Structures are given as structure tokens and as C-alpha cells.
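Listed below are the residues making up each chain.
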Amino acid sequence: MRWFRSFVYNLKQGCKGIFRNSIMSTASVLVLLSCMIIVGTFYLVIANIEENFSRVDNLNVIEVRIPATYSDGQIEEIGNALSEIYKELTVLEGEPVFVSKEEHLRRFKEQYKDQEWSSFFDETLNPLRHSYELTFSSDADISEAAKIIPRIEAIKLSDGNLAVQSSDISSSIKLYENVAGIKKTLMAVGLWLMGILLIISLFVIMNTIKLGVFARRNEVMFMRYCGATKAFIRTPFLVEGVIIGLFSAALALGAEFLLYRYVLSGVVSSMTTAVSGSGIILSPYAEHLPLLGAVFCAIGLFAGLISGSISLKKYLKV
Amino acid sequence: MIHFKNVSLAYPDGTVALKDINLHIEDGEFVFLVGHSGAGKTSLTKLLLCEERLSAGSLQVNGYRLEKIRSRKIPYLRRTMDVVFQDFKLFDKMTVYENVAFAMRVIGEKSATIRKRVPFFLNVVGLTDKADSFPDHLSGGEQQRVAFARALVNNPSLIVADEPTGNIDNNLRDDIMDLLLRINKLGKTVIVVTHDEDLLRRYRKRTVEIRAGEIVSDRMGWEPSENGGDRV
Ligand SMILES: Nc1ncnc2c1ncn2[C@@H]1O[C@H](COP(=O)(O)OP(=O)(O)OP(=O)(O)O)[C@@H](O)[C@H]1O
Ligand SMILES: [Mg+2]
């Protein structure tokens, strides 16, 4: 019961503190709120890029097209060399798979079966080439996967000539790298903004609590002389900081929802029509709610407690 | 019990407020502490509260050794005494009752205890019918009495009153002194800081005089002394 009584007391005092200085409290909440929204928005954008990207098929397949002039023996030589590479590099999921030009034609006609011109191609008029397909694991480090390419380029036939040219190799590694670069940039910008705003909010909350301490100076002095413990005197101020932090977190979750629902989805749908058929799908907000909630609360608690403690250390003699 | 042994106090800026103080006060005594402005009376009070830490010597207060007390223990030392400072302030947004109750709340007393003790001590200082008034509707003397009720309510064994008669008129002075003597009769040690010579003449009590941070006399009653006076 005793802890409950002091819990209620501290909560009450903390709330009182917030309303005593409502302008500064509002300022604290606003800065903290913008910090959280920045973090949340960058996170949501990155998460959606990642999800949409992983939805695209065959991104982790490297295709090695074989020049049309090669004999069956030479084709087999290439296959053996690729097999060697598979045995050496752990990023590859399996043995190279040979795909004949007939199979390629079948796939091609399947893909464009609605188009009239697709029937124009057949076994006698097949511009496609045989190929080998190498698959690396889709969660592999892309810089590891990129190492496969030069190995393929280095394959030599028994006559001493290079087997394939770089134009014969088709892979999505560049795309992977670009997307990874975008994610990295977004992450860096997001973290910087978060850092700056977090520091600003620390200062604003520190000032809020400092003013609270000054406003209650007489009370604090009296409490000390009565023999109130350090914890008793300080806790309400810390609670004030924590309430500001958690309240901002709750607001941020709501604001982020609106932003996601109306702004981000609007941007995406306009992009989808511009790049027709690219089909970007936003994941539901609820899916991100637990993580966002935890992160916002953590930021709020951190800012409230840290700035509260610094402020008390500096301005409240106990 | 209060026991000063060769106690000195120097403030961080170098001002030596108290020099080589030796003083013993038994439980239940009534002592006047006198001296000119700046003599070091408030400084001595702050030493008792452990608001300032002594620079040299040893000081025992109500069973605590202040030269080596841990800061964690200071609140508990302070619960054994109560100081009414010369610039005491009541909280003007709280009623008289709440002002007194606040002193109990801050050391975590139960509501039931608070409801019992506050009316009792308002009665002791004769302010039962002002319980719901706000401080700015009270006279200076009444405010002073609220401050004493607030000091008494946690049942300290030592009460220090810094200039209790400083800013009130002569009629009220006797009321306050009357109250302090009654508090003393309850078995509490009372130290009254003053430079009101009239008061000292009227109430013959043990009187300790400080001058420039040193005790220059300690005797029953009061005689104004020129150039120092003799040590006891
Ligand atoms: N915090 C402080 N820092 C430095 N010097 C101080 C401080 N407080 C008091 N002093 C100095 O210590 C000396 C004693 O001051 P103190 O307040 O104890 O006097 P006092 O006897 O209570 O005077 P008064 O009757 O005017 O209240 C004075 O010279 C004063 O200027
Ligand atoms: Mg003084």
C-alpha cells in the first residue's frame, strides 16, 4: 500500500508540474514528437522498401549466357568451372543449372503469350541463347554475392580464351547495391535528424524541469529541512519528465498512423501510377505498431529520465 | 543533546563564520543565542541541520555525529529537529491546515496520523478556528504560530527559532515567547536566536553570546557586555 500511495503522490505531483508550466511542457512534447515522427517515418519508408524489394522474384539469380558459337564441349567446360565456383563460395545455394535456349524460348512465349508478335518466334527463329543459372541465398550479404561475378568472368576455356564477357552475365546485384545504398542513405539522414532533435529535446526538457525546480524552490527547501528523503524530493520531477516522454510517444504513434495512412500511401499510389505496374504495396500499420511503440516509448523514457536527472543534478540541491 | 567541540565553519568563499566553538546543550534546555548581525547565529543553526558541514572539530546532535554523517542519513537527523527560520515562508496556496499537514506528508506519514496530529497542534498554537484560512489572511503573529505548529507536528526533540520576534509587534512577542516556553515544558529543547535585548531581560534563561564567530559569553540571564565580555 505504501508504494501505491507514493506512486499516486508522485504521479499527481508530476502532472501538477506539467500544468504549472504548460508552455514549456508543450514545447518539450512538440520537439520530442517531431523527433519520434522523423524516426518513425524513416523506419517505415525503409521497412517498406525492404519488403517490396524482397517480394520481387529471381533477384538472387545470376544468369551466364553462352555465346551461340560454342560447341557442346565448351558448354560443358563452362558448367564444370561454375561447379567449381559453387564448391568454393558458400553464398551459392546450389549447383549451376543449365537452361537450354529452347527452354528460354518457352518461358519467353509464356511471358508474352498475350502479345501477337510472340508467335512470330519459334524453334527455327530463336534469338535466345543457352545459359547457366546460379542462385545465391536471398539473405546473403550482397558484397559477398558480388564476388561471384569476377570469378565467372575469369573462367578460361581449354584454348586459353576467356569463356564469357561481362555483357554475357546478367544479375540484379547492381540493383541490390543501389537499394542498399538508398537504405543506407535514408538510415544515415534519419539517424542524424533523430540525434539533433533528441539533443534539442533534452535541452528543452531540461529547461522545463529547471523552471519547475525554481518555481518550487521554497517547497523544496522546506521539504529538505523537514527531513524528506532525496528520492521523495526528486522523484516528482523525474516523473514529470517521464510523463512528457510517454505522452509524446502516444501522440507520435497516433500522428505517425495518420501520416502513414494519408500521406505516405498517397505518395505511393501516385508513384505506382507513374511507374505503371510496379505495384508498390504498403504493409499495414498494425504490423509496425509494436516496434514503433517500443521505440517511441524508449526515446520518451530516455529523454525524460536523462534530461530530468541532469537538470536535478545541476539545479536541485538535496 | 547537542555537543560542539572545537567546531569551526568556513564558507567556500573563505569567510570564517564560526571559530573554535565549544558548547553543550542538554535535552530539555531553553537557550537564547544572541549576537550582532553577521555574528554567525544562522550559520550555527545551519550546522545543526547539516545544511553546512563543519570544517573542523566534532559535533554531536541528537545522537548523530555530524563530522562523519553520511548524506543518506541527513534526512533522518533533520527529523529530530525543526528550525523556524527568520525568513520562514508559509505556502500561500495552501490553507493553514494543509501547511501543517504538508510537513508530515513530506516524510511519508499516513493520512490517518496526519488527521489526528494536525488539529492537535493547531490547538496547541491556538489556531483551531483558522484551519481553513489562507496565510495571507493571517496576521504576522498568526503566521508565525502556524510556522511553529508546522515545526512541532513531526514531534522533534529540538526546536530552533531564528528571530521569532523579529518582525512582529511587542504584544505578540509575549504570545510567541509564551508558546516557546510551553513547547519547552513539553520536554523539547528550545534554542531561540535573537538580538532583542528586551526579550533577554524579561525572560532570564541561559544565554549564549556569539561575536564574530566566537562564543564570548555563556551564562544565566543577560547583561550587555562591552568589548567582548568574559568567557564561561
Ligand atoms: N553562504 C554563505 N557564504 C559565505 N558567507 C556567508 C554565507 N552565509 C553567511 N555568510 C557570512 O557568515 C557570517 C555569519 O553569517 P550569519 O548569517 O550566520 O549571521 P547571523 O548572526 O545570523 O546574522 P543576522 O542576525 O543578520 O541574521 C557573515 O559574515 C556572513 O556574511
Ligand atoms: Mg541570521
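Residues numbered from 1 in each chain as written. Chains lettered and ligands numbered in written order. Predicted model: local features only at pLDDT ≥ 70, side-chain atom pairs only at ≥ 80, totals over all residues. Heavy atoms only, no water.

1. Observations concerning the pairing of strand 3 (residues 30-34) of chain B
Residue and element names in this part refer to chain B.
And then number 1: For strand 3, the tally of buried residues reaches five of five residues, placing the bulk of the element in the interior.
And then number 2: Side-chain alternation along strand 3 places F30, F32 and V34 on one buried face and V31 and L33 on a second face that is also buried.
And then number 3: Relative to strand 8 (residues 189-194), strand 3 is paired through five bridges, and the arrangement is parallel. Bridging from a neighbouring strand, F30 pairs with V190 of strand 8.
And then number 4: With four bridges joining them, strand 3 and strand 9 (residues 206-211) adopt parallel strand pairing. Bridge assignment links V34 to a residue of strand 9, and that residue is E209. (Buried < 20%, exposed > 50% of the residue type's maximum accessible area, 1.4 Å probe, protein only. Helix = DSSP H or I, 4+ residues; strand = E, 2+ residues; numbered from the N terminus. Pairing = 2+ DSSP bridges.)

2. Re a positive patch on the surface
And then number 1: On the surface, a cluster of positive charge is contributed by K12(A), K16(A), R20(A), K93(B) and R105(B).
And then number 2: Residue contributions to the positive patch peak at three residues, all from helix 1 (residues 2-20) of chain A.
And then number 3: Relative to the helices and strands, R105(B) is located in helix 3 (residues 96-105). (Patch = residues over 30% accessible without salt bridge, like charges linked within 9 Å, V, L, I, M, F, W, Y side chains within 5 Å. Areas by Shrake-Rupley, 256 points an atom, 1.4 Å probe, with all protein chains shown as cover. Salt bridge = Lys/Arg side-chain N within 4 Å of Asp/Glu carboxyl O. Lys, Arg positive; Asp, Glu negative; His and termini not counted. Charge placed at Lys NZ, Arg CZ, Asp CG, Glu CD.)

3. Description of the layout of surface pockets
And then number 1: Taken as a whole, the largest pocket holds about 1000 Å³ of empty space.
And then number 2: Lining the largest pocket are 32 residues; nearest its centre among them are Y9(A), Q13(A), K16(A), F102(B) and R105(B).
And then number 3: Residue contributions to the lining of the largest pocket peak at nine residues, all from helix 1 of chain A.
And then number 4: Partitioning the lining of the largest pocket into residue classes produces twelve nonpolar, six polar and 14 charged.
And then number 5: Counted as a void, the second largest pocket has a volume near 680 Å³.
And then number 6: Surrounding the second largest pocket, 29 residues form its lining, N218(A), M221(A), F222(A), Y225(A) and F85(B) being those nearest its centre.
And then number 7: Every element with two or more residues in the lining of the second largest pocket is listed here: helix 7 (173-215) and helix 8 (217-226) of chain A together with helix 1 (41-49), strand 6 (81-84) and helix 5 (140-152) of chain B.
And then number 8: Here the lining of the second largest pocket gets eight residues from one element, more than from any other, and that element is helix 8 of chain A.
And then number 9: A class-by-class count of the residues in the lining of the second largest pocket yields 16 nonpolar, three polar and ten charged. (1 Å grid on protein atoms, 1.4 Å probe; cavity = no way out; pocket = protein on both sides within 12 Å on 5 of 7 lines; lining within 4 Å. Points joined across faces, edges and corners; volume = space filled by probe spheres on them. Nonpolar A, V, L, I, M, F, W, Y, C, P; charged D, E, K, R; others polar.)

4. Structural notes on the site of ligand 1
Residues and elements named next belong to chain B.
And then number 1: Taken together, 14 residues are adjacent to ligand 1, and S37, G38, K41, T42 and S43 come closest.
And then number 2: Separating an oxygen atom of ligand 1 from a side-chain N or O atom of K41 is a distance of 2.7 Å.
And then number 3: Out of a free accessible area of 630 Å², ligand 1 has 65% covered by protein chains.
And then number 4: Ranked by the residues each element gives to the shell around ligand 1, the list is headed by helix 1, at three residues. (Near = heavy atom within 4 Å. Polar contact = N/O pair within 3.5 Å; in protein donor to acceptor, adjacent residues only side chain to side chain.)

5. Things to note about the side chain of E51(B)
And then number 1: Locating E51(B) in the fold gives a position in the loop between helix 1 and strand 4 (56-61).
And then number 2: A distance of 3.4 Å separates a polar atom in the side chain of E51(B) from a polar atom in the side chain of Y225(A).
And then number 3: Here R78(B) takes part through its side chain, which lies 3.4 Å from a polar atom of the side chain of E51(B).
And then number 4: Residues within four places of E51(B) in sequence aside, it is in contact with R224(A), Y225(A), K317(A), K46(B) and R78(B). (Contact = heavy atoms within 4.5 Å.)

6. Considering the pairing of strand 7 (residues 158-162) of chain B
Residues and elements named next belong to chain B.
And then number 1: In terms of residue burial, strand 7 counts as a mostly covered element, since five of its five residues are buried.
And then number 2: Here strand 7 shows two buried faces, one formed by L158, V160 and D162 and the other by I159 and A161.
And then number 3: With four bridges joining them, strand 6 and strand 7 adopt parallel strand pairing. Of the residues in strand 7, the one forming a bridge with M81 is L158.

7. Some thoughts on the domain arrangement of chain A
And then number 1: Domain annotation for chain A reports domain 1 (2-55 + 177-315) and domain 2 (61-171).
And then number 2: Taking the mean C-alpha position of each, domain 1 of chain A and domain 2 of chain A sit 51 Å from one another. (Domains from an automatic or database assignment.)

8. Points about the sheet that holds strand 1 (residues 2-10) of chain B
Pairing between the strands of a sheet comes from backbone hydrogen bonds, and it takes one of two forms, parallel or antiparallel.
Residue and element names in this part refer to chain B.
And then number 1: If you walk across this open sheet you meet the four strands as 2-1-4-5, and the pairing is antiparallel. Every interior strand has two partners, whereas the edge strands, strand 2 (16-25) and strand 5 (64-65), have only one.
And then number 2: Strand direction decides the pairing type here: strand 1 and strand 2, joined by six bridges, are antiparallel. When the sheet's bridge partners are listed, H3 is paired in strand 2 with H24.

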